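One-letter residues, chain by chain:
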Amino acid sequence: MPRADPSLPAAANPPGRGPKLRLNLHLLGPLLALILLVVLGASLNGNFLSPANIANVLARSSFTGIIAVGATFVITSGGLDLSVGSMAAFLAGVMIMVINALVPQFGVGFGVIAIGMAVGLVLGALAGVGNGLLITRGRIEAFIVTLGTMGIFRSLVTFLANGGTLSLNFDVMDAYRPAYYGTVAGIPVPVIVFALVAILGELAMRRTPFGRHCSAIGSNEQVARYSAIHVDRVRLLTYVLQGVLVAVATLLYVPRLGSASSTTGVLWELEAIAAVIIGGTTLRGGYGRVWGTVIGVVILSLIDNILNLTNVVSPYLNGAFQGVIIILAVLLQRSRRATS
Amino acid sequence: MPRADPSLPAAANPPGRGPKLRLNLHLLGPLLALILLVVLGASLNGNFLSPANIANVLARSSFTGIIAVGATFVITSGGLDLSVGSMAAFLAGVMIMVINALVPQFGVGFGVIAIGMAVGLVLGALAGVGNGLLITRGRIEAFIVTLGTMGIFRSLVTFLANGGTLSLNFDVMDAYRPAYYGTVAGIPVPVIVFALVAILGELAMRRTPFGRHCSAIGSNEQVARYSAIHVDRVRLLTYVLQGVLVAVATLLYVPRLGSASSTTGVLWELEAIAAVIIGGTTLRGGYGRVWGTVIGVVILSLIDNILNLTNVVSPYLNGAFQGVIIILAVLLQRSRRATS
Amino acid sequence: MLGAAGVTDPAARHSDALLACVAVSKQFGDVQVLFDVSIALHAGEVHALIGENGAGKSTLMKILSGYLPPTGGEIVFDGAARQFSSSEAAEDAGIVLIHQEFNLAEQLTVEANIFLGREIKRGLFLDVKTMRARAQALLAALETKIDPTARVQDLAVPDKQMVEIAKALARDARVLILDEPTAVLTPKESLVLFRQIARLKAQGVAILYTSHKLDEVSAISDKITVLRDGRHVITAPAADLTEHDMARQMVGRDLSELFPPKLPPMVAETVLEVAGLSVPGYVTDASFHLRRGEILGFAGLVGSGRTELMEGLMGLRPSEGAVSVMGKPVHIRSAADAARLGLAYLTEDRKGRGLLLRSRMRPNLTLLALDRFSRILIDEAAEDRALDQAIREFDIRAPSRTVAVGNLSGGNQQKLLLAKTMLIEPEIVIIDEPTRGIDIGTKQQIYGFVQRLAAAGKSVIVISSEMAEVIGLSHRVMVMRLGRITGELEGEAIGEESIVRYAMGLDSMTKDHRAEDRLHAAR
Amino acid sequence: QDKTYTIGVSVPSADHGWTGGVDYFAQQTIASLSKTYPNLKFVLATAGDPGKQASDLEDMVATRNIDALVILPGDPDALTSPIMRVKKAGKFVTVVDRKLSQPGVEDLYVAGDNPGLGRTTGEYFVSRFPDGGNIVVLRGLPIPIDKERVDAFNQAIANSKIKVLASQFANWNRDDGFKVMQDFLSRFPKIDAVWAQDDDTAIGAIAAIKQAHRENQIWVVGGAGMKQAIKQVMDGSKLVPIDVGYDPGMVGTAIELTALKFETGLPMRGSFIVRSPLITQANAAEYYHPDSPY
Ligand SMILES: Nc1ncnc2c1ncn2[C@@H]1O[C@H](COP(=O)(O)OP(=O)(O)OP(=O)(O)O)[C@@H](O)[C@H]1O
Ligand SMILES: Nc1ncnc2c1ncn2[C@@H]1O[C@H](COP(=O)(O)OP(=O)(O)OP(=O)(O)O)[C@@H](O)[C@H]1O
Ligand SMILES: [Mg+2]
Ligand SMILES: [Mg+2]
C-alpha cells in the first residue's frame with residue numbers, strides 16, 4: 001500500500017492489536033458452535049457420526065435450509081418473510097392436487113411430475129410477487145404483509161385439504177420418491193440440491209450486484225436510492241427469490257411423505273429466521289452471509305437430532321434445551337468476539 | 001402521487017400540500033380502520049353493539065392488550081420480545097401451583113390469591129431481567145434470546161404440568177373469579193385494568209424521560225449514548241416492564257380459565273407485535289405510540305369477533321379473512337396517508 | 001496549475017452553459033426556500049455557490065442533480081430543457097453530486113460504496129479485482145491510505161468524506177457538484193481535493209462548489225454566486241470579489257472582525273486535571289489541565305486522536321488514566337457520569353452521534369438535559385420555552401418548529417447541537433469542531449458565545465482542524481500527533497507555524513508542508 | 001314446528017389430522033341436519049387455543065343467541081369454567097370427548113375414551129410380546145389427551161417384559177413422526193415395534209422405517225382410525241397389524257343428539273361412551289369409510 005505522507009498514521013486500520021485475528025473469530029463463530037455441537041453429539045451417542053445419521057440430518061435440513069437461503073436475502077435487504085412455512089404447505093397442497101388431477105389423463109410418469117413441479121415454482125414466484133408488491137407498492141411493513149399472507153396460505157391449504165390431508169397418488173409417489181430418498185454418488189439428492197442452492201446463494205450474495213444491492217438497501221435505503229439502485233425492484237426480487245426457493249424446498253418435501261396438510265411447514269419461518277441470525281446475518285439488514293445461514297440451519301437440525309439420540313431428563317424439556325443451546329451458540333460467538 | 005422527498009423517509013413531516021391534514025390522517029389511520037370494522041360488525045349482526053358483546057371483546061383484548069403495551073416500549077427502543085406468550089403460560093402455571101400449595105395451609109382467601117399475584121409479578125419481573133440481561137450484557141440479538149426463552153418457558157410450563165393442565169383449586173377459583181368476570185360501575189375489571197395500563201403507558205411514552213429515551217435508543221443508539229442516556233439500563237428496563245406487564249395480564253387470565261397448560265398464550269407474541277405495528281409503531285424502533293397499540297389490539301379482537309358473528313364460507317378460511325383484514329387495515333392507513 | 005485553464009468572461013458564455021437552471025424555485029410544504037434562482041455552469045469552470053446557513057445552497061444543488069424536483073422554473077442541460085425524473089437519470093447524464101451529509105452505506109466496504117449502483121461486472125459476476133484496483137487507484141490519487149476492503153462504519157469522519165469524493169470521481173462526471181466537501185477535511189486533505197478539482201477542470205468538467213471557508217472559495221473558483229434567503233444576490237468573477245465582499249453579500253451587512261479580541265485568561269484554579277490518559281488503540285499517555293475561565297485549544301492533524309482522547313475522557317470509550325475534576329479524583333464511565341460532574345462534550349459527528357434526524361427540534365434539544373425538564377412527567381411548556389430561547393440565542397433558522405431535524409440545513413443542525421449541549425449548563429465544555437459547516441456570520445456569533453462562556457467562569461476546550469479558529473480563540477493550545485500530546489503553546493507563542501511544527505513532528509517541518517503555502521500553490 | 005333453534009358448535013381447529021376429521025364431521029353433520037330440519041340454525045366456531053375457544057362461547061351467547069352448545073373442549077380443564085357460564089345462561093350443553101373438571105355441568109356427554117385407547121393398545125402389545133420386546137413410543141402434543149393415553153398404555157404394559165427404549169413427542173404429525181423415527185432408528189439397532197399413538201405419526205414413522213429397510217423387523221401401531229391405516233389393516237399388512245379407533249365422527253353423533261332434543265322434545269340426558277375399539281383384519285371393514293377425509 002503506497003503511503004502518501006509518512007508523517008501520518010495509518011488511516012484505516014486502528015493501531016490496536018490483531019484486527020485480523022478478531023475478524024477471523026467473528027467469521028468462525030457459527031462454525032465453532034457447530035463443531036462443539038458435533039463433539040457433544042459424538043460423545044453422547046456412538047451412532048451420531050454414522051453416515052446414515054449424518055445423511056438423515058442433512059437431508060432434513062434441506063427444506064428449511066433452502067428457505068433460509070432465501071430468507072438471508074430478504075433479511076439482508078431489511079425485510080422479513082413470515083409466510084414461508086404456510087407458503088410451503090400451500091404450494092405442496094396445490095402441487096399434489098395438480099398432479100393427482102393430471103394422472104387420470106396422462107398416466108403416471110415423469111411428465112406429470114414435471115408439470116407439478118413447474119406449477120409449484122410458478123406459484124411460488126407469484127406468491128413472492130404478491131408479498132413483494134404489497135410491501136414495495138403498498139408500503140406496508142413486511143411484518144404485517146407476511147403475517148397476513150401467512151394466515152391466508154395456511155387457511156387455503158386447510159381449505160383445499162378440507163381440514164384433512166392431501167395425499168399424492170400412490171403410484172406417482174413411487175416415481176417421485178427418488179427426489180428425496182435417492183442418492184447421487186452416495187449423497188442424498190436433497191443435500192445436493194441444498195448445497196447447490198447454498199453455493200449459488202453465496203455467490204449471488206458476495207459476487208453479484210444483486211447481493212451488494214441487498215446489503216446496501218438494508219444498510220441505508222436512502223443511500224441505495226441515491227446510488228441509482230432500483231430499491232423497490234431489488235426488494236421485490238428478494239421476495240420473489242424467497243418464493244421460488246420455498247417452491248424448490250417444496251419440490252423436495254412432497255416426495256418425502258407425499259402429503260400436505262394444515263400442519264405442513266408450521267414454524268418453518270421461525271426456524272429459517274433463527275438460522276439466518278445464528279449464521280451471523282443482522283436482523284436489521286445490511287449484512288448477510290449465506291454460508292453462515294447454512295451452518296445455522298445445520299445447528300438447529302443437530303439440536304433436534306441430539307435430543308432424539310439421548311435420554312434427556314424429560315421430553316417435556318426438549319424446548320428448554322433447544323432454547324438454551326440456541327442462546328449459547330450465539331453467546332459463544334459474541335463473547336469470543338468481545339474478548340479476542 | 002407527488003414524489004416524496006428523497007432526503008428523508010416520510011416519517012416526520014412529508015412535504016406537499018397540507019402537512020396538517022396529512023398528519024391528522026396518519027394519526028387517525030388506525031382509528032379509521034377500527035371504525036370501519038365496527039360499522040362492518042354492526043351491519044352484520046344486530047347484537048354486535050350490545051353492551052355484553054362489547055364488554056366481552058374488550059375484556060378479552062385485555063390480555064394481549066396489556067402485553068402489547070409492554071411490547072410497544074420494547075419495540076420502540078429497537079428490541080423484540082418473542083417470549084411473552086410462553087412467559088404468560090409459565091407465570092400462570094407457577095401462580096396456580098403456588099396458590100394450590102398454599103390453600104391447604106392458609107385456606108381459601110384473598111391472602112392466598114394476593115401471594116399468588118405477588119409471586120407472579122416478581123417472577124415476571126425476573127423473567128424480564130433475564131431476557132434483558134442476555135440482550136444487553138450478553139450482546140445477543142433480542143430475536144435469538146427471546147426465541148430461546150420462549151422455548152424455555154413453554155417447556156417449563158409443560159414440565160410443571162407434567163404434560164397436562166395445571167388447574168386452580170376450584171374453591172379459590174370462585175373467590176378469584178371476579179378479577180376477570182367482575183365489573184366496576186358496569187365495566188369489566190380487566191377492561192379497567194387494561195385502560196389504566198394503557199393510560200399510564202401512553203403517559204410514560206409521551207411525557208416521561210423513559211419514553212423519550214426509548215425512542216432515542218430505537219432511533220439511534222449512538223446519539224442516545226452521547227446524550228448521557230444509560231442505553232443498557234433503559235433497554236433492560238423495557239424488558240422488565242414487559243415482564244411485569246405479562247404478569248399483570250396473567251393475573252387477569254388465571255381467573256378466566258383457572259388453568260395453565262402448554263397451549264396457554266400460544267401466539268400471543270405474534271398478536272402483540274402485530275397490534276403494536278398496526279397501531280403505527282415502527283418495527284425498527286424510534287417511534288412508538290401506546291394508544292395506537294390499544295387500537296391495534298381491539299382491531300385484532302374484533303376480527304375474531306366478527307368472524308363469529310356470521311357464518312363465513314368455511315371455518316377453514318378464518319385465517320385467510322384475518323390475514324386479508326389485517327393487511328387491509330394497514331393498507332388503508334398507508335394509502336390514506338399517501339394520497340391525501 | 002489551476003491557472004492554466006484560464007478564465008473567460010462569464011457573460012460571453014452564458015448561452016453555451018453545460019448545466020443551468022432558469023428561475024428555479026422550491027417549496028417545502030408552505031415554506032418557500034428558493035425564489036427564481038438562475039445559475040449557469042460551464043465546462044472547465046469552477047463555480048462557487050455561497051450563502052448563509054439555510055440560504056438554499058444544498059437545495060439548489062439537489063435540484064440541479066435531480067434529487068429534488070423544482071416547484072418552478074426549469075433545468076437546462078446541454079442546451080435543452082431537461083426534467084430529470086430521478087438522480088439516476090441525472091447521473092446517467094453525467095451530473096454527480098457529493099452530498100453535504102454522508103451518503104455511504106455504512107456496512108459495506110469502501111470499494112463496494114465507491115462502485116455502488118455502477119458495479120463493474122464480468123459476465124454475471126462482479127469483477128471485484130478490477131473494482132478493488134480502481135478503488136485503490138482513486139484513493140491513492142486522493143493521497144489517502146484508506147483500505148478499499150475496510151468497512152465504511154470503521155472509518156473516521158474525514159476518511160468517509162474522502163471515500164465520498166472517490167465515489168464521485170469514479171463516475172465520469174461531466175458536471176461535478178460538491179456540497180461543502182471540505183467541511184470535515186483538514187487543510188492538507190482539502191489541498192488534495194483541490195488538485196483533483198483542478199485536474200477535472202482541465203478535462204473540461206463543470207464544477208459547482210460550496211463552502212463556508214471563504215479563503216478556499218477565492219482560491220479555487222473562477223466565478224462566484226451568492227445566495228441570500230433563497231434569492232440570487234450576485235454572480236461575479238472570483239477575481240472581482242474579496243473575501244470581505246463575499247461575506248458582506250452573504251449576510252447583507254458589513255461584518256466586523258471575525259475573532260473578537262481575546263480577554264486575558266483569569267488567574268484561577270484548575271478545574272480539570274488529566275494525567276496519563278490512554279485510549280487503547282488511539283491515544284497514549286495524554287496529560288493536560290484546564291483552568292476556570294480558560295479556552296484551551298486542541299490542534300493536530302486528522303487522526304491525531306483528539307476526538308478519541310475527549311471521548312475517552314467522557315467515558316464514551318474505554319480508557320485508563322487519572323482524571324480529577326475540581327480537584328477531586330473521579331471515574332467517568334459514561335456521558336451521564338460526566339454530565340453529573342458538569343462536563344459536556346459536543347461531538348464532531350452530528351449526524352451519527354449528535355442528533356436524532358427523524359425527530360423534531362424539541363426532543364432533540366432537551367435530550368441531554370431531560371431531567372431538568374421533568375419531575376415525573378416532562379414539562380413540555382418549559383421545553384418549548386427552551387426551544388424558543390435556543391432559536392433566539394443560536395439564531396437557528398428552521399422552516400417550522402415541527403420540521404424533522406434531518407430537514408434542517410447542515411449549519412442549523414450544528415447550531416441546534418450546540419444549543420443541546422449547552423442546555424445542561426456545563427462548567428466544562430468540550431467542543432469538537434464547533435463551526436463545521438457554519439457560515440461566516442454565525443461563526444462570529446459562536447466565537448462570541450465561546451468567549452462569553454469563558455468570561456462567565458466556565459472552561460472550554462475547543463478541538464478544531466481550522467488553524468485560525470484555534471489560534472483566534474485559545475488562551476492555550478495543546479498539539480497532538482499520533483495519539484500523543486506533543487506540544488503546549490501559550491499566549492504570544494500561539495501561532496500557525498509553531499502549531500504545525502508540533503503537529504507534523506519537528507523534523508518533518510519544512511516550508512512546503514505548510515498548509516497556507518499549499519493553498520497558495522493551488523491557486 | 002315453527003320455532004327456530006340455534007345450536008352452537010365449538011371445536012378445536014384442524015391442527016392435526018384427527019382434529020381435521022372432527023372439523024370435517026362437524027361440518028357434514030351440520031350441513032345434513034340443516035337440510036333435514038330447516039328450523040335449526042348452527043353456528044360453528046373453531047379455536048386454536050383455550051382462550052379463543054372461551055371467547056367463541058362468549059360470542060355465541062352474546063351475539064348469536066344460541067339455545068344449545070355442542071363443544072369438544074380443546075383443554076377441558078381450562079374450559080370448565082366458561083362452559084359453566086354458558087350453562088348458567090340457560091343453554092343446553094353437550095360436551096364431546098373430554099371430561100370437564102367439574103361434574104354435572106353438561107346435560108349430555110358424548111365421551112371418547114382416551115385411556116381406553118392407551119389401554120387397548122397396551123394390551124395388544126402385551127399379547128404380541130409374551131417374551132418381551134423393545135419398543136419406542138412416539139407421543140402426541142404435550143396436552144392432557146396425550147398424557148391420559150400414555151399413562152394408560154404404560155399401566156397396561158407395566159407387568160410385561162416389554163421394554164420402552166425411548167419416547168419422544170411427535171405432535172400427531174407426519175413430519176415429526178418421520179424425523180423422530182429416523183433418529184430412533186439410528187440410535188437403536190434393535191426395535192421390535194413402535195407405538196405411534198396416531199395414524200398420521202405412524203405414516204411418518206413407516207416412511208422412516210422403509211427408508212432404513214427395516215420394515216421386516218418392526219411393526220407399527222398408530223391410532224384413531226384414519227382410513228389409510230384401516231385399509232392397511234384390512235389388507236393384512238404385517239407392518240400395520242392393527243389400529244385402535246378413536247372416531248372423530250363422535251362430534252357428529254353429539255350434534256345429532258342435541259338436534260334431536262329440539263326436534264323431538266325428548267329429555268336428553270346422560271352419557272354416551274364412544275369406545276376405542278381394537279381394529280383387526282377381521283373387523284376392519286366395519287370401520288372403513290373411504291369417503292371420509294380422515
Ligand atoms: N425536506 C425538507 N423539508 C422542509 N424543509 C427543508 C427540507 N430541506 C431543506 N429544507 C429547508 O430549506 C432551507 C434551505 O436549506 P439548505 O439545506 O438548502 O440550506 P444551505 O444553504 O445548504 O445551508 P447550510 O449552509 O447550513 O448547509 C432550510 O431552511 C431548510 O430547513
Ligand atoms: N471507528 C473507528 N474504527 C477504526 N478506526 C478509527 C475509528 N474512528 C477513528 N479511527 C481512526 O482513529 C484515528 C483517530 O481518529 P480521528 O480522525 O477522529 O482523530 P482526531 O484527531 O479527532 O481527528 P479530527 O478531529 O481531525 O477528525 C484515525 O487513525 C482514524 O482513522
Ligand atoms: Mg447545505
Ligand atoms: Mg476528530
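Positions within a chain are numbered from 1, following the residues in the order the chain's sequence is written. A letter from A marks each chain and a number from 1 marks each ligand, given out in the order of writing. In keeping with the predicted nature of the model, local features appear solely for residues at pLDDT of at least 70, side-chain atom pairs appear and are counted solely at 80 or more, and the whole-chain, interface and lining totals rest on all residues. To obtain the side-chain values, all non-hydrogen atoms of the structure were used and water was disregarded.

Undergrad: Whenever I open this one, the pattern of salt bridges confuses me. Can you help?
TA: Two side chains that carry opposite charge are able to pair once their charged atoms sit near each other. Any carboxyl oxygen of Asp or Glu that lies within 4 Å of a side-chain nitrogen of Lys or Arg is treated as forming a salt bridge with it. The full count for this structure, using the stated rule, is 59 salt bridges over all chains. As a salt-bridge pair, Arg317 of chain C and Glu308 of chain C come within 3.7 Å of each other at their nearest N and O atoms. There is no split in this pair, since Arg317 of chain C and Glu308 of chain C are both buried. Measuring nitrogen to oxygen at the nearest pair gives 3.8 Å for the salt bridge that ties Glu348 of chain C to Arg436 of chain C. Of the two residues, Glu348 of chain C is situated in the loop between strand 18 (343-346) and helix 11 (350-354) and Arg436 of chain C in the loop between strand 19 (428-432) and helix 15 (440-455); the sequence distance between them amounts to 88 residues. It is possible to trace a salt-bridge network through shared partners that takes in Arg207 and Arg212 of chain B together with Arg362, Glu380, Glu383, Asp384, Asp388 and Arg401 of chain C. In this scheme, a residue with accessible area under 20% of its type's maximum is buried, one over 50% is exposed, and one in between is partly exposed, where area comes from a 1.4 Å probe on protein chains only. Secondary structure elements follow DSSP: runs of H or I no shorter than four residues count as helices, runs of E no shorter than two count as strands, and numbering proceeds from the N terminus.

Undergrad: Before we go on, may I ask you to explain the UniProt feature "domain: ABC transporter" (unreviewed entry) in chain C in this structure?
TA: UniProt positions are given in the numbering used here, feature names are shortened, and annotations may be inferred rather than shown by experiment. Following the UniProt record, the feature "domain: ABC transporter" (unreviewed entry) maps to residues 19-254 and 266-507 of chain C here. The annotated region residues 19-254 of chain C carries 33% helix and 28% strand content, and the separation between its end C-alpha atoms amounts to 33 Å.

Undergrad: Hey, could you run me through the interface of chain B and chain A in this one?
TA: In many reports, interface size means the accessible area that the parts give up when they come together. Contacts are residue-level and defined by heavy atoms, with any inter-residue pair within 4.5 Å sufficient. Contact residues are listed per partner, giving 48 residues for chain B and 47 residues for chain A. Computed with a 1.4 Å rolling probe, the buried area is the accessible surface lost when two parts are put together, summed over both parts. Together, the buried faces of chain B and chain A total about 3,800 Å²; carbon and sulfur atoms form 76% of this surface. Summed over the shared surface of chain B and chain A, the number is zero salt bridges. We call two N or O atoms a polar contact when they sit within 3.5 Å, provided that within protein one can donate a hydrogen and the other can accept it, with sequence-adjacent residues counted only if both atoms are side-chain atoms. For the pair chain B and chain A, the interface holds 13 residue pairs in polar contact (both at pLDDT 80 or more). Of all elements in the fold, only helix 5 (142-160), helix 12 (268-278) and helix 14 (318-339) of chain B reach the threshold of two or more residues within the side of chain B that touches chain A. No other element matches helix 5 of chain B, which puts 13 residues into the side of chain B that touches chain A. When residues are sorted by character, Ala, Val, Leu, Ile, Met, Phe, Trp, Tyr, Cys and Pro go into the nonpolar class, Asp, Glu, Lys and Arg into the charged class, and all the rest, Gly among them, into the polar class. When the residues that make up the side of chain B that touches chain A are grouped by side-chain class, the tally is 27 nonpolar, 17 polar and four charged.

Undergrad: Even after reading the chapter, I still don't get the interface of chain B and chain C, so can you show me in this structure?
TA: The interface is formed by 31 residues belonging to chain B together with 44 residues belonging to chain C. Carbon and sulfur atoms supply 57% of the area buried between chain B and chain C, which totals about 3,000 Å² over both sides. The interface formed by chain B and chain C holds two salt bridges in total. Residue Glu380 of chain C pairs with Arg207 of chain B through a salt bridge whose shortest N-O separation is 3.7 Å. Listed by contribution, the elements that provide at least two residues to the side of chain B that touches chain C are helix 1 (19-44), helix 8 (189-207), helix 9 (209-219) and helix 10 (221-226) of chain B. If you tally residues by element for the side of chain B that touches chain C, the top one is helix 9 of chain B, at five residues. Classifying every residue of the side of chain B that touches chain C by side-chain character gives 15 nonpolar, ten polar and six charged.

Undergrad: Whenever I open this one, the domain arrangement of chain C confuses me. Can you help?
TA: All names here are of chain C. Where each domain starts and ends follows an automatic or database-derived domain assignment. Domain parsing of chain C yields domain 1 (13-251), domain 2 (257-342 + 426-523) and domain 3 (350-424). Taking the mean C-alpha position of each, domain 1 and domain 3 sit 29 Å from one another. Each side of the interface is counted separately: domain 1 has eight residues, and domain 3 has ten residues. Summing both sides of the interface, domain 1 and domain 3 together bury roughly 690 Å²; the carbon and sulfur share of this comes to 40%. The three residues of domain 1 that bury the most area against domain 3 are Val31, Asn53 and Glu101, which together make up 61% of that side's buried surface.

Undergrad: When you look at the pairing of strand 7 (residues 162-169) of chain D in this model, what are you seeing that I'm missing?
TA: When a strand is regular, its side chains alternate between the sheet's two faces. All names here are of chain D. Pairing geometry for strand 6 (residues 133-139) and strand 7, over seven bridges, is parallel. For Arg139, the partnering residue across the bridge sits in strand 7 and is Phe169. The definition of a right-handed crossover adopted here requires that, viewed with the strands pointing away, the path from the first strand over the helix to the second runs clockwise. In this view, the connection linking strand 6 to its parallel neighbour strand 7 by way of helix 5 (residues 144-156) has right-handed handedness. Strand pairing is assigned whenever DSSP detects at least two bridges linking the two strands.

Undergrad: I tried to follow the packing of helix 12 of chain B against helix 13 (residues 290-309) of chain B on my own but got confused; where do I start?
TA: Any two packed helices are characterised by the angle at which their axes cross and by the distance between the axes. Residue and element names in this part refer to chain B. Between helix 12 and helix 13, the least distance of the axes is 7 Å, while the angle of their chain directions is 120°. Judged by the inter-axis angle, helix 12 sits oblique to helix 13. Crossing angle aside, the handedness with which helix 12 passes helix 13 is right-handed. Counted together, Glu271, Ala274, Ala275, Val276 and Ile278 of helix 12 and Gly292, Thr293, Gly296, Val297, Ile299 and Leu300 of helix 13 form the full contact between these two elements. Counted by class, the contact of helix 12 with helix 13 contains seven nonpolar, three polar and one charged residues. Between the N-to-C directions of two axes lies an angle of 0 to 180 degrees, each axis being a line fitted to C-alpha atoms and, for a helix, fitted only over the stretch in contact. An angle below 35 degrees is read as roughly parallel, one above 145 as roughly antiparallel, one from 65 to 115 as roughly perpendicular, and any other as oblique. Should the near helix be turned counterclockwise from the far one by less than a right angle, the crossing is left-handed, whereas a clockwise turn marks it as right-handed.

Undergrad: How should I be thinking about empty space enclosed by the protein in this particular structure?
TA: Gaps left between atoms show up when a probe the size of a water molecule is rolled over them. Residues and elements named next belong to chain C. Of the two site types, the cavity is a set of points on a 1 Å grid over the protein atoms alone where a 1.4 Å probe fits but cannot get out, and the pocket is an open set with protein on both sides within 12 Å along at least five of seven lines, each lined by residues with an atom within 4 Å of a point. Grid points are joined across faces, edges and corners, and a volume is the space filled by probe spheres set on the points. All told, the structure shown has twelve cavities of 30 Å³ or more when counted by the stated rule. In this structure, the second largest cavity spans a volume of roughly 190 Å³. If you go around the second largest cavity, you meet 15 residues; those closest to its centre are Gln100, Glu101, Val184, Arg350 and Arg436. Of all the elements in the fold, those that place two or more residues in the lining of the second largest cavity are helix 5 (157-169) and helix 11. Taken together, the residues of the lining of the second largest cavity break down into four nonpolar, four polar and seven charged. Shared between two domains, the lining of the second largest cavity holds at least three residues of each, these being domain 1 (13-251) and domain 3 (350-424).

Undergrad: So what exactly am I meant to see when it comes to unusual backbone geometry here?
TA: Most peptide bonds adopt trans geometry, and most residues besides glycine take a negative phi value. Residues and elements named next belong to chain C. A positive phi angle is found at Asp36, which is not glycine, with a value near 40°. Taking the relative accessible area as the measure of exposure, Asp36 reaches 54% and is therefore exposed. Backbone geometry places Glu425, a non-glycine residue, at a positive phi of 45°. Among the structural elements, Glu425 can be located in the loop between helix 14 (410-422) and strand 19.

Undergrad: What's the story with helix 5 of chain D in this structure? I'm lost.
TA: Since one α-helical turn is 3.6 residues long, residues separated by three or four positions face the same way. With 13 residues, helix 5 of chain D should reach 18 Å at 1.5 Å per residue; the first-to-last C-alpha distance of 18 Å fits that figure. Taken together, the buried positions of helix 5 of chain D are Pro144, Ile145, Asp146, Arg149, Val150, Ala152 and Phe153 of chain D. Where the residues of helix 5 of chain D are buried, they touch strand 1 (165-167) of chain B together with helix 4 (114-128), strand 6, strand 7 and strand 8 (193-195) of chain D. Helix span, expected: 1.5 Å multiplied by one less than the number of residues in the helix.

Undergrad: Teacher, can you tell me more about the confidence of the model for chain C here?
TA: Caution applies to low-pLDDT parts of the model: their predicted coordinates are not meant to be read in detail. All names here are of chain C. Per-residue pLDDT for chain C has a mean of 86; in total, 93% of the residues score no lower than 70. A residue's pLDDT is the predictor's confidence in that residue, given on a scale from 0 to 100. Least confident of the elements in chain C is helix 18 (residues 515-522), whose mean pLDDT is 41; most confident is strand 20 (residues 459-463), at 95. Within the model, pLDDT remains below 50 along residues 1-13, and this stretch shows 16 contacts once partners closer than five positions in the same chain are excluded. Low confidence marks residues 507-523, where pLDDT is under 50. Its contacts with residues over four positions away, or in another chain, come to 26 contacts. Prediction confidence for the complex, expressed as pTM and ipTM, is 0.89 and 0.87 respectively.

Undergrad: Is there a simple way to explain the sheet that holds strand 14 (residues 283-291) of chain C in this structure?
TA: All names here are of chain C. If you walk across this open sheet you meet the four strands as 14-13-16-17, and the pairing is antiparallel. In this open sheet, the two edge strands, each paired with only one partner strand, are strand 14 and strand 17 (328-330). Strand after strand, the sheet turns through a mean of 15° between neighbouring axes, direction not considered. In this sheet, strand 16 (residues 320-325) lies alongside strand 13 (residues 270-279) in antiparallel orientation, the contact comprising five bridges. When the sheet's bridge partners are listed, Ser278 is paired in strand 16 with Glu320. Docked against the sheet, helix 9 (residues 306-313) engages strand 13, strand 14 and strand 16, running at close to 110° with respect to strand 13.

Undergrad: Explain the coordination of the magnesium ion (ligand 4) to me, please; I cannot follow it from the model alone.
TA: Ideal values differ by geometry: the angle at a metal is 109.5 degrees with four tetrahedral donors, but 90 or 180 degrees with six octahedral donors. All names here are of chain C. At the metal site, the magnesium ion (ligand 4) is ligated by Thr307 (OG1), Glu348 (OE) and Glu348 (OE), and these contacts range over 1.8 to 2.7 Å. Of the two residues, Thr307 is situated in helix 9 and Glu348 in the loop between strand 18 and helix 11; the sequence distance between them amounts to 41 residues. We classify Glu348 as buried; its relative accessible area is 17%. Here a donor is any nitrogen, oxygen or sulfur atom (N, O, S) within 2.8 Å of the metal, with 3.2 Å used for Na, K and Ca; water is not among the atoms considered, so some sites may look incomplete.

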